[in-house]
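What follows is the residue order along each chain.
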Amino acid sequence: IIKYVDALQVLDSRGDPTIEVIVKTVGGGIGRAIAPAGASRGKYEAVELRDSDVRKFKGKGVTKAVNNVKNYVAPALQGIDSRRQRDVDRIIIQIDGTPNKSQIGANTAIATSLAVAKAAADTAKIPLFNYLGGARAHILPIPMLNIINGGAHAGNELAVQEFMIVPIGFDSFSEALRAAVEIYKELKTYLKAKYGALAINVGDEGGFAPPMTMVREAIEALINAIKAAGYDVENQVRISLDAAASQFFIDEKNVYKIDGKELSKEELLEYWKQLIEEYSLLSIEDPFHEEDFESYAALRRETKDRVIVVGDDLTVTNIVRLNEAIGKGAVTGVIVKPNQVGTLSETMDFIELAKSRSIITIISHRSGESEDNTIAHLAVAVSGPFIKTGAPARGERTAKYNELLRIENYLGSEAIYAGKIYRF
Ligand code: PGA
Ligand code: ZN
């Protein structure tokens, strides 16, 4: 039974204010959750509430969100059974009353929803991944580590936002993570030798942000680092991209600005096909802008599903958008970001729909994060199979990797690495 709900303003990894919600139960359980924040947000995401008072935090304060918890959400949740997540989320949705959480804010909603789940797990004295995924949850996700940052996450000219390594061919999560760290270090050495010390400054997700323009140049750097660390690019460590193409789509001209050139959607399709073939990419996220379901479908068809075509800004953790994407044959994978929709129940519904249609789910952080590690538990609860949570560096990223290491350690011989059982 929920005894008490409170909220306060804390800081995220970019130094921007964000909301933390605390829930206490009569049974003595406590749950805390901090909302993350995106930089390349999708147009159809639930709305993040900010104060817009430019005198404080340049308008980015979240005191309105905090007050929404104190004044409206807390009184409504008091006395409710914390295990009744769907009731809790229905109440949050009703208090908000809008289709996109714009009244109370998706940041307010998700921090509350997750804090309730954590308080319920704590009350029952079971780990969150078991509380959410049942006693049998035991599969550790495959990490997709963004080790070169571009786009909205870095001060360089790379159009593509994320260049990821995906250590699939390992026996355990910890071995996979070790390989990723070794590659990250080799990449650092390579970038410093080739571009100088400024090239090893990092972007928002902890990946390096070298002064490059060409997408190929970044991919070549990854391949070089994978090989230098002694790993095999085909079987052990694959490469994935998040284009976040809405960010380099120029609406007025109907072109994409990439590699210093302007490409039509047909030219961009050919461009991706080339890269996918040449580097045997595992997945490509948001290859076209967030309205163009048809081009996603064309990419799937023309690559004969040799690459996982992933929706993020396209599908925004929203079942209506996912249904549209399914109807149009647009995606074989989706990003799952709880704050894109605003409640845990809606996030679970999205995952369920995706899995029922054999669409691969990738549980994901945002570029603005915190020490909150809930998504690590969520990834194990739903058997991943993937988690995207940045480079293996910077505290807000390692908070998730470290929690996965703890879960792996806790499970002992029960732990199974998703890379061992899934084939892509
Ligand atoms: P964001 O980007 O968190 O800055 O929106 C992450 C992503 O596009 O996957
Ligand atoms: Zn994305």
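Structural data are supplied above this passage.
Parameters and conventions
- Residues numbered from 1 in each chain as written.
- Chains lettered and ligands numbered in written order.
- Predicted model: local features only at pLDDT ≥ 70, side-chain atom pairs only at ≥ 80, totals over all residues.
- Heavy atoms only, no water.
- Phe/Tyr/Trp six-rings, centres within 6.5 Å; stacked < 30°, edge-to-face > 60°.
- Helix = DSSP H or I, 4+ residues; strand = E, 2+ residues; numbered from the N terminus.
- Buried < 20%, exposed > 50% of the residue type's maximum accessible area, 1.4 Å probe, protein only.
- Axes fitted to C-alpha atoms, helices over the stretch in contact; angles between N-to-C directions.
- Parallel < 35°, antiparallel > 145°, perpendicular 65-115°, else oblique.
- Left-handed = near helix turned anticlockwise from the far one by under 90°.
- Contact = heavy atoms within 4.5 Å.
- Nonpolar A, V, L, I, M, F, W, Y, C, P; charged D, E, K, R; others polar.
- Salt bridge = Lys/Arg side-chain N within 4 Å of Asp/Glu carboxyl O.
- Donors = N, O, S within 2.8 Å, 3.2 Å for Na, K, Ca; no water.
- Pairing = 2+ DSSP bridges.

J.: Before we move on, could you go through the packing of aromatic side chains and cite the residues and values that matter?
T.: All told, the structure shown has 10 aromatic pairs when counted by the stated rule. Here the aromatic rings of Phe129 and Tyr410 are separated by 6.1 Å at their centres, their planes lie at 85°, and the arrangement is edge-to-face. Residue Phe129 is found in helix H4 (residues 128-133), and its partner Tyr410 is found in helix H13 (residues 395-411); the two are separated by 281 residues along the sequence. Centre to centre, the rings of Tyr184 and Phe208 are 4.6 Å apart; their planes meet at 15°, and the pair counts as stacked. A residue pair is termed long-range when its members are at least 10 positions apart, and Tyr184 in helix H5 (residues 173-195) and Phe208 in the loop between H5 and helix H6 (215-228) qualify at 24 residues. Both residues of the pair, Tyr184 and Phe208, belong to the buried class.

J.: Report on the packing of helix H12 (residues 374-381) against H13, specifying residues and quantitative values.
T.: Two elements in contact, H12 and H13, have axes separated by 8 Å at closest approach and are oriented at 45°. When the interaxial angle is binned, H12 and H13 end up oblique. Once H12 is placed against H13, the crossing between them reads as right-handed. Residues Ile375, Ala376, His377 and Val380 of H12 touch H13, and the partners they reach there are Lys400, Glu403, Leu404 and Ile407. When the residues that make up the contact of H12 with H13 are grouped by side-chain class, the tally is 5 nonpolar, 1 polar and 2 charged.

J.: Please set out the pattern of salt bridges residue by residue, giving values where relevant.
T.: Considering all chains together, one arrives at 33 salt bridges under this definition. Across the pair Glu346 and Lys101 runs a salt bridge whose closest N-O atoms are separated by 3.0 Å. Residue Glu346 is found in helix H11 (residues 344-356), and its partner Lys101 is found in the loop between helix H2 (85-96) and helix H3 (106-124); the two are separated by 245 residues along the sequence. On the basis of relative accessibility, which here comes to 22%, the residue Glu346 falls in the partly exposed class. On the basis of relative accessibility, which here comes to 4%, the residue Lys101 falls in the buried class.

J.: Give a description of the packing of helix H7 (residues 265-279) against helix H8 (residues 293-303) that names residues and reports values.
T.: Contact geometry of H7 with H8 gives a least axis separation of 10 Å together with a crossing angle of 40°. Here H8 runs oblique to H7, going by the angle between their axes. Seen along the crossing, H7 lies across H8 with a hand that is right-handed. Across the interface between the two elements, Lys265, Leu269, Glu270, Trp272, Lys273 and Ile276 of H7 pack against Ser295, Ala298, Leu299, Glu302 and Thr303 of H8.

J.: Which residues make up the coordination of the zinc ion (ligand 2), and what values do they have?
T.: Within the protein, Asp242 (OD), Glu285 (OE) and Asp312 (OD) serve as the donor atoms for the zinc ion (ligand 2), at 2.0 to 2.2 Å. Donor residues for the zinc ion (ligand 2) sit on one chain with the sequence pattern D-x42-E-x26-D. In this pair, Asp242 sits in strand E7 (residues 237-242) while Glu285 sits in strand E11 (residues 283-285), placing the two residues 43 residues apart along the sequence. We classify Glu285 as buried; its relative accessible area is 2%.

J.: Describe the sheet that holds strand E2 (residues 17-25), naming the residues involved and giving the relevant values.
T.: Strand order in this open sheet of 3 strands is E1-E2-E3, and the pairing throughout is antiparallel. Looking at which strands have only one partner, the edges of the open sheet turn out to be strand E1 (2-11) and strand E3 (30-34). The average angle at which neighbouring strand axes cross in this sheet is 15°, direction not considered. Here 5 bridges tie E2 to E3, and the two strands are oriented antiparallel to one another.

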